[in-house]
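Structural features, examined
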Amino acid sequence: MQKPVRKAVFPVAGLGTRFLPATKAMPKEMLPVVDKPLIQYAIEEATAAGIEEFYFVTGRAKNAIEDHFDTAFELEATLRDRDKKELLDQLEATIPAPGRIAYTRQQRPLGLGHAVWCARHLVGDEPFAVLLADDLMVGDPPCLKEMVDAHAGTGGNMVAVMEIPREQTRRYGVLDVVSDAGKLVRAKGVVEKPEPAVAPSTLMIIGRYIIQPEIFDHLSQAQAGAGGEIQLTDGLDKLITDGQPFHGLRASARRYDCGEKLGYLEANVALGVQHPEIGGALRQLLKTYL
């Protein structure tokens, strides 16, 4: 019987160099989009998908993430004294239940595959999700929920995908497609950052994955791939070789690449104009700059 997807890994050890100096002392995952940090959006998406346990793979100077998902006694006491119940409820809603969150450290930046491997003892022998917080996914249904529902019918491994211009394939992992049913595609391989002329497709992998635990055996071999790093896509490709089903899901949710400055600003504008408190005022304000 297929095991449900109950656990999620959040690789948050990156240095965030594209946002320096803003990320010199603050993790990039704590950059706010309107009024919530990126990592909170990812946690909320995972929760909506039925995830019960949340594992963070951290690095140095990431304490702000741990603090964000912990109780802030002085702040909460102040809000309580000032009868700020709505704000207090918002803070309490951000904290997972006791025992549902854990942290492990990636001591050296050896790549996404290595970061996921660092969570192997937490994940154990179950399928698990991986969410990259700087890929902000906004939509209904939430991206991971859509994937979990589809995965119940396919089993194996699954990634979220989107079409990109061919000239951009050298920047991403792309699928080698066997069959295309529109929403779901089945792949026979994954290629990391192929040159446009030889890219097997233009379906880019977004930072959402559902992976079988056998990947840890492949990642433990610590073989460097593209960019000299241990690539998660190389491990996924080996699972396909092992005979496991592998699918890409064209997600309904909109992706904002918050690992880039322009994508991050776009996300703030897009979510800002939809915000119930400031949306209308922001629309008017934007007109003065256009």
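Because the structure is predicted, anything quoted here is derived from the model rather than measured.

The next thing to look at is the overall build of the protein. Per the secondary structure count, the protein includes eleven helices and 13 strands. Principal axes of the C-alpha set define a box for the protein whose edges measure 60 × 50 × 35 Å. When the 290 residues of the protein are sorted by exposure, 48% land in the buried category. Within the protein, residue pairs in contact and separated by at least 24 positions form 75% of the contacts whose partners lie at least 6 positions apart. Counting only carbon and sulfur atoms, one obtains 53% of the accessible surface of the protein, whose full area is about 14,600 Å².

Each aromatic ring pair is characterised by the separation of its centres together with the angle its planes make. A full pass over the atoms with the stated rule returns six aromatic pairs. An angle of 20° between the planes, with centres 5.2 Å apart, marks the rings of F10 and F56 as stacked. Pair noted here: F10 is in strand β1 (residues 7-11) and F56 is in strand β4 (residues 53-58), with a separation of 46 residues, a long-range link. Summarising the aromatic geometry, the rings of F19 and Y264 are spaced 5.5 Å apart at their centres and angled 80° between planes, so their arrangement reads as edge-to-face.

When you line up the elements, A49 lands in the loop between α1 (38-48) and β4. On the basis of relative accessibility, which here comes to 8%, the residue A49 falls in the buried class. Among all residues touching A49, those that are not within four sequence positions of it are L144, K145 and V148.

On to the pairing of β1. Counting buried residues in β1 gives five out of five residues, a clear majority hidden from the surface. With five bridges joining them, β1 and β4 adopt parallel strand pairing. When the bridges of β4 are listed, A8 appears paired with F54. Relative to strand β6 (residues 128-131), β1 is paired through three bridges, and the arrangement is parallel. Residue pairing for β6: V9 is matched across the bridge by V130.

The next thing to look at is the nonpolar core. F10, I39, I51, F56, L144 and M147 are the most contacted members of the largest nonpolar core, which totals 34 residues. It is helix α7 (residues 143-154) that provides the largest number of residues to this core, a total of five residues. Excluding residues that lie within four positions of it along the chain, M147 makes contacts with M158, V159, A160, R208, Y209, I210 and L249. Among the nonpolar cores identified, the runner-up in size contains 31 residues, and A115, V116, V123 and L132 belong to it.

Here is what the cut-offs are and how they apply
Residues numbered from 1 in each chain as written. Predicted model: local features only at pLDDT ≥ 70, side-chain atom pairs only at ≥ 80, totals over all residues. Heavy atoms only, no water. Helix = DSSP H or I, 4+ residues; strand = E, 2+ residues; numbered from the N terminus. Buried < 20%, exposed > 50% of the residue type's maximum accessible area, 1.4 Å probe, protein only. Contact = heavy atoms within 4.5 Å. Areas by Shrake-Rupley, 256 points an atom, 1.4 Å probe, with all protein chains shown as cover. Phe/Tyr/Trp six-rings, centres within 6.5 Å; stacked < 30°, edge-to-face > 60°. Pairing = 2+ DSSP bridges. Core = buried A, V, L, I, M, F, W, Y, C linked by side-chain atoms within 4.5 Å.

Purely geometric stuff here, so don't read any function into it on its own.
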